[in-house]
Amino acid sequence: MTTEKTEFKPGDKVEESGVYKVTHDSTHAQGHEVTCVFGKIFPPCGGCKHPRFILVRAAQHIEHNDHFKT
Ligand SMILES: [Zn+2]
């Protein structure tokens, strides 16, 4: 059984940079995609209490990529 999390909520730490699909309360907003960056915290939604973030495609942030470190 895997313990890997696939769904995140506000207050969780972003463990992987990438594109996340956000779902809101169905009466409030349609789902959409956002980019979240490693080390940040998933933010609360101003319009509903229970947004959920699901990783669609991981993509390392350029500032965290070894090739682009100064
Ligand atoms: Zn919302």
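Note that the coordinates shown come from a computational prediction; the quantities given were computed from them, not determined experimentally.

J.: Describe the sheet that holds strand β1 (residues 7–8), with residues and values.
T.: Reading across from one edge, β1-β4-β2-β3 is the order of the four strands in this open sheet, with antiparallel pairing throughout. If you trace the sheet from one side to the other, it starts and ends with β1 and β3 (32–36), each paired once. Pairing analysis gives five bridges linking strand β2 (residues 18–23) to β3, with the strands arranged antiparallel. Of the residues in β3, the one forming a bridge with V22 is H32.

J.: Residues and numbers for the environment of H32, please.
T.: You can see H32 is positioned in strand β3. For the pair H32 and F53, spaced 21 residues apart in sequence, the C-alpha separation works out to 9.9 Å.

J.: Before we move on, could you go through the environment of T6 and cite the residues and values that matter?
T.: Residue placement: T6 occurs in the segment before β1. By the C-beta count within 10 Å, which is 8 here, T6 ends up exposed. A C-alpha to C-alpha distance of 8.3 Å links T6 and F53, two positions 47 residues apart in sequence. Apart from the residues lying within four places of it in its own chain, the contact partners of T6 are I54 and L55.

J.: I'd like a rundown of the pairing of β2, residues and numbers included.
T.: Pairing of β2 with strand β4 (residues 52–58), which is carried by six bridges, proceeds in the antiparallel orientation. Looking at the pairing, K21 lines up with I54 of β4.

About the cut-offs
Residues numbered from 1 in each chain as written. Predicted model: local features only at pLDDT ≥ 70, side-chain atom pairs only at ≥ 80, totals over all residues. Pairing = 2+ DSSP bridges. Helix = DSSP H or I, 4+ residues; strand = E, 2+ residues; numbered from the N terminus. Buried ≥ 20, exposed ≤ 12 C-beta atoms within 10 Å, placed from the backbone. Contact = placed C-beta atoms within 7 Å.

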